[in-house]
Amino acid sequence: MFTRSSGIQLHITSLPGGRLGPEAYRWVDWLSTAGQSWWQVLPVGPPDRHGSPYKSRSAFAAWRGLLGDPSAPVSADEADAFAAAHPAWAPGWAAAAGGRRALADQVRFQREWDALRAHAADRGVRVIGDVPIYVAPGSADHLDHPGLFLDGVVAGAPPDAYSDTGQLWGNPFYDWPANRREGYAWWIARLQRTLSLFDVARVDHFRGFVAGWAVPEGARDARGGRWRRGPGRALFDAAGAALGGAPLPLIAEDLGVITAAVERLRVELGLPGMVVAQFAFEPDDETSPHRLAHHAPDRIAYTGTHDSDTLAGWLAALPPDVRAEVDRTVAAAGFGRRSPVWGLTAWWMQSVAPLVMLQAQDVLELGSEARMNTPGRATGNWRWRLEPGQLTARHARRLRDVTAEAGRLP
């Protein structure tokens, strides 16, 4: 799926102006100049009231707020044709979100997105999307397909080293037997839509397809939950058969507590997993797959994710002994004369993983003030945005040099 390459994660809302249009084209051109082959975005659906794209009103529809030209004309025939081409979700979205105007916005997004992707392809840049496993409560998907979800429980994560009470996400929890009886039709339509918009997609919370943590509805925290079995490979086999039989171009987000069964499913499906630089120095886990010496060609190596701190913020907050290990490791690899962020980036780029993904904030060496999201905090997230011209030709040259040094230029 991937040749040796690198890319950057930056959501559309983090572009100057926060939407498609001229700044998006300038961003793609900057990526190409910087020698990057991939651009990864977060989910493009309408975000919740806190700005989170992971609790969208639709798993299919794009957000009107991303449009570069939200008043571009759309004929009735175009809107009707779009609805006819997407029968699994477009009529339901129109009913939930404003009728013909809602359809017109989807036509506008499709026009703008298709044109931008064509420009990106011409510049050697491909796009990675994101598939949250769960949908938002009260979303169009939840309302249109209530029989695909269980009553009385919501999704979350169990207590772990980071939280004594677990994580209570509150998303509707799938009734997987009901999904199976329908041949996973909703999931097939969702993946078809996703893969029509992106070259590759990251599947969030992949472990939930083996088992998910179901919490009684109304609980104050996630401690009272229990594991419920997921669909396993049956869902992916059904989707693969329906979508042409070729391997699905997906990345499995396999972070957190990963069991042998989750790893086995990922390997059976031939999906690359993820390793993260900020997890590579856990003092009590010498065998961690995140440590550079343990990387494998079936992993994508991220410096961080949308849920983690920036590299500068992470480095500043490390305990002194862990920070000393980071500095020693980077220096031993020959990158100690560079700034801490760029030395760590150059070291991480040496991974055997075919693809390394960086964060735009780290190219600028920004601190925690530029963090995209802090899990467990409802407000103050999803707001970071580039200033016009903030990423310069000098930044592009520097990143291109590091990319070439690692043998990752296209």
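Residues numbered from 1 in each chain as written. Predicted model: local features only at pLDDT ≥ 70, side-chain atom pairs only at ≥ 80, totals over all residues. Heavy atoms only, no water.

*Asks:* Describe the overall build of the protein, naming the residues involved and giving the relevant values.
*Replies:* Across its full length, the protein carries 14 helices and 12 strands. Whereas a compact globule of 410 residues would reach a radius of gyration of roughly 22 Å, the protein reaches 21 Å, a difference of no more than 12%. Relative to its full complement of 410 residues, the protein shows a buried share of 55%. Considering only intrachain contacts with a sequence separation of at least 6, the fraction spanning at least 24 residues in the protein is 74%. Total accessible area on the protein stands at roughly 17300 Å², and carbon and sulfur atoms take up 53% of it. (Helix = DSSP H or I, 4+ residues; strand = E, 2+ residues; numbered from the N terminus. Rg over C-alpha atoms; globule rule 2.2 N^0.38 Å. Buried < 20%, exposed > 50% of the residue type's maximum accessible area, 1.4 Å probe, protein only. Contact = heavy atoms within 4.5 Å. Areas by Shrake-Rupley, 256 points an atom, 1.4 Å probe, with all protein chains shown as cover.)

*Asks:* Describe the sheet that holds strand β7 (residues 211-216), with residues and values.
*Replies:* Strand order in this open sheet of 4 strands is β5-β4-β7-β8, and the pairing throughout is antiparallel. What marks the edges here is a single partner per strand, and that holds for β5 (167-174) and β8 (226-229). If you compare each strand with its neighbour and ignore which way they point, the axes differ by 50° on average. Relative to β8, β7 runs antiparallel, the two sharing 4 bridges. If you follow Ala214 over to β8, its bridge partner there is Arg226. (Pairing = 2+ DSSP bridges. Axes fitted to C-alpha atoms, helices over the stretch in contact; angles between N-to-C directions.)

*Asks:* Got a sec to walk through the packing of helix α2 (residues 76-85) against helix α4 (residues 100-122)? Specific residues and values, please.
*Replies:* The geometry of α2 relative to α4 is characterised by a closest axis approach of 9 Å and an angle of 85° between their N-to-C directions. Classified by the angle between their axes, α2 and α4 sit roughly perpendicular to one another. Here Ala76, Glu78, Ala79, Asp80, Phe82 and Ala83 of α2 come into contact with α4, specifically with Arg100, Leu103, Gln106, Val107, Gln110 and Arg111. Along the lines of polarity and charge, the residues of the contact of α2 with α4 split into 6 nonpolar, 2 polar and 4 charged. (Parallel < 35°, antiparallel > 145°, perpendicular 65-115°, else oblique. Nonpolar A, V, L, I, M, F, W, Y, C, P; charged D, E, K, R; others polar.)

*Asks:* Residue-level account of the nonpolar core, with values.
*Replies:* With 64 residues, the main nonpolar core has Trp27, Trp30, Trp39 and Trp113 as its most contacted residues. Secondary-structure elements contributing two or more residues to this core are α1 (22-33), α4, α10 (311-317), α11 (320-332), α12 (340-348), β12 (355-359), α13 (360-363) and α14 (393-405). Of all the elements, α12 adds the most residues to this core, at 6 residues. Residues within four places of Trp30 in sequence aside, it is in contact with Ile8, Val363, Leu391, Thr392, His395, Ala396 and Leu399. Counting 46 residues, the second largest nonpolar core, distinct from the first, contains Ala61, Ala90, Ala140 and Ala201. (Core = buried A, V, L, I, M, F, W, Y, C linked by side-chain atoms within 4.5 Å.)

*Asks:* Account for the packing of aromatic side chains, with residues named and values stated.
*Replies:* Here the structure, examined in full by the defined rule, presents 28 aromatic pairs. For the ring pair Tyr134 and Trp169, a centre distance of 6.2 Å and an interplane angle of 50° mean the geometry is tilted. Note that Tyr134 is positioned in the loop between β3 (126-131) and α5 (140-144) and Trp169 in strand β5, a separation of 35 residues in sequence. What makes Trp169 partly exposed here is its relative accessible area of 25%. Taking the centre distance of 5.7 Å and the plane angle of 50° together, the rings of Trp347 and Trp348 count as tilted. According to the relative accessible area criterion, Trp348 is buried, its value standing at 0%. (Phe/Tyr/Trp six-rings, centres within 6.5 Å; stacked < 30°, edge-to-face > 60°.)

*Asks:* Got a sec to walk through the pairing of β7? Specific residues and values, please.
*Replies:* With 5 of 6 residues buried, β7 lies mostly within the body of the structure. When strand β4 (residues 149-157) meets β7, the two strands line up antiparallel, connected through 4 bridges. Paired with Val154 across the two strands is Val215, which belongs to β7.

*Asks:* Report on the environment of Leu243, specifying residues and quantitative values.
*Replies:* Following the sequence through the fold, Leu243 ends up in the loop between α8 (233-242) and β9 (250-252). Linking Leu243 and Asn171, residues 72 residues apart in sequence, is a C-alpha distance of 27 Å. Beyond its immediate stretch of four places on either side in the chain, Leu243 contacts Ile188, Leu191, Gln192 and Leu248.

*Asks:* Tell me about helix α9 (residues 260-269), and please be specific about residues and values.
*Replies:* Restricting attention to buried positions, one finds in α9 the residues Val262, Leu265, Arg266 and Leu269. Taken down its axis, α9 places every buried residue within 95° of arc, on the same side. Where the residues of α9 are buried, they touch α8, β9, β10 (273-276) and β11 (299-302). Trailing α9 by a residue or two, Gly270 shows a phi angle of about 70°, which is positive. (Arc of directions from axis to C-beta.)

*Asks:* Account for unusual backbone geometry, with residues named and values stated.
*Replies:* Positive phi, close to 55°, is recorded for His205, a residue that is not glycine. Judged by its relative accessible area of 13%, His205 falls in the buried class.

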